[in-house]
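Observations on the model geometry
In case you want the letters, here they are:
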Amino acid sequence: DWKGVNLGEFGLEDRIIDQETKTVTYTCGIAIHAFDLIIPDYVTYEKEKYKVLLAEGCFENCLGLSGSVELNKFSKHIPDRCFQNCYNLTAVFCREYPTRIGDFAFAGCVLLVQIKMRQKTHLSNDWAMKLRYIGEYAFSNAWLDGDLVFGNNLQYIGNYAFNECHKITSVDLRYSNSLF
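Now for a description of the structure that goes with this document. (Residues numbered from 1 in each chain as written. Predicted model: local features only at pLDDT ≥ 70, side-chain atom pairs only at ≥ 80, totals over all residues. Heavy atoms only, no water.)

1. Quick notes on the overall build of the chain
Looking only at helices and strands, one finds 0 helices and 16 strands in the chain. For the chain, the C-alpha radius of gyration of 16 Å lies close to 16 Å, the compact-globule estimate for 180 residues. With the principal axes as the frame, the chain shows a C-alpha extent of 50 × 30 × 30 Å. In the chain, which comprises 180 residues, the proportion classed as buried is 46%. Across the chain, contacts joining residues at least 24 apart in sequence account for 52% of those joining residues at least 6 apart. Within the chain, one finds 18 positive and 22 negative side-chain charges whose respective centroids are separated by 8 Å. (Helix = DSSP H or I, 4+ residues; strand = E, 2+ residues; numbered from the N terminus. Rg over C-alpha atoms; globule rule 2.2 N^0.38 Å. Buried < 20%, exposed > 50% of the residue type's maximum accessible area, 1.4 Å probe, protein only. Contact = heavy atoms within 4.5 Å. Lys, Arg positive; Asp, Glu negative; His and termini not counted. Charge placed at Lys NZ, Arg CZ, Asp CG, Glu CD.)

2. A look at a nonpolar patch on the surface
A surface patch of nonpolar side chains, about 490 Å² in accessible area, is lined by Leu 63, Tyr 87, Val 110, Leu 111, Val 113 and Trp 143. Summarising the element assignment, Val 110 is placed in the loop between strand S10 (100-101) and strand S11 (114-119). (Patch = residues over 30% accessible without salt bridge, like charges linked within 9 Å, V, L, I, M, F, W, Y side chains within 5 Å. Areas by Shrake-Rupley, 256 points an atom, 1.4 Å probe, with all protein chains shown as cover. Salt bridge = Lys/Arg side-chain N within 4 Å of Asp/Glu carboxyl O.)

3. Side note on the side chain of Gln 84
If you trace the backbone, Gln 84 turns up in the loop between strand S8 (77-78) and strand S9 (89-94). When its relative accessible area of 13% is taken as the criterion, Gln 84 is described as buried. When near neighbours in sequence (up to four residues on either side) are disregarded, Gln 84 contacts Phe 59, Glu 60, Asn 61, Phe 104, Ala 105 and Ala 107.

Purely geometric stuff here, so don't read any function into it on its own.
Below, the structure written as structure tokens:
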């Protein structure tokens, strides 16, 4: 159900299956070797569909993950350390607007240049418009490029969230009335 070139597999110990809520939470993707990974909305387990969720540190230190990652429609919260030190990750495409980006979520992603919204075939740069929370060191050392414009939902930006992001040309907080 996962898509990508040379994907590899998650082991049984790398996921938490909750039959009551019909969710599969992936906890460790370090063995994944994929180029342009697409995280599915659902996977099939014992002939039933389960919603795919990502846990804290899911792809942390995954050197085999390269190119882009397309997050599924349930990835509104990008957990702490989810993609930390994925050195070869260059782009993230969101199908739903993220509301929370956890601590160190993309820290150390030194090739991460862009995050974009994918709406059908259309790509846009307004991924940050509905963010409420950006954790500490969330993008530290990422190569995010261009201007960042945050919407009026933003309530918190953690310490060093954009530390060493030298390619960001401007940060626009004029719509962020709720920031504390």
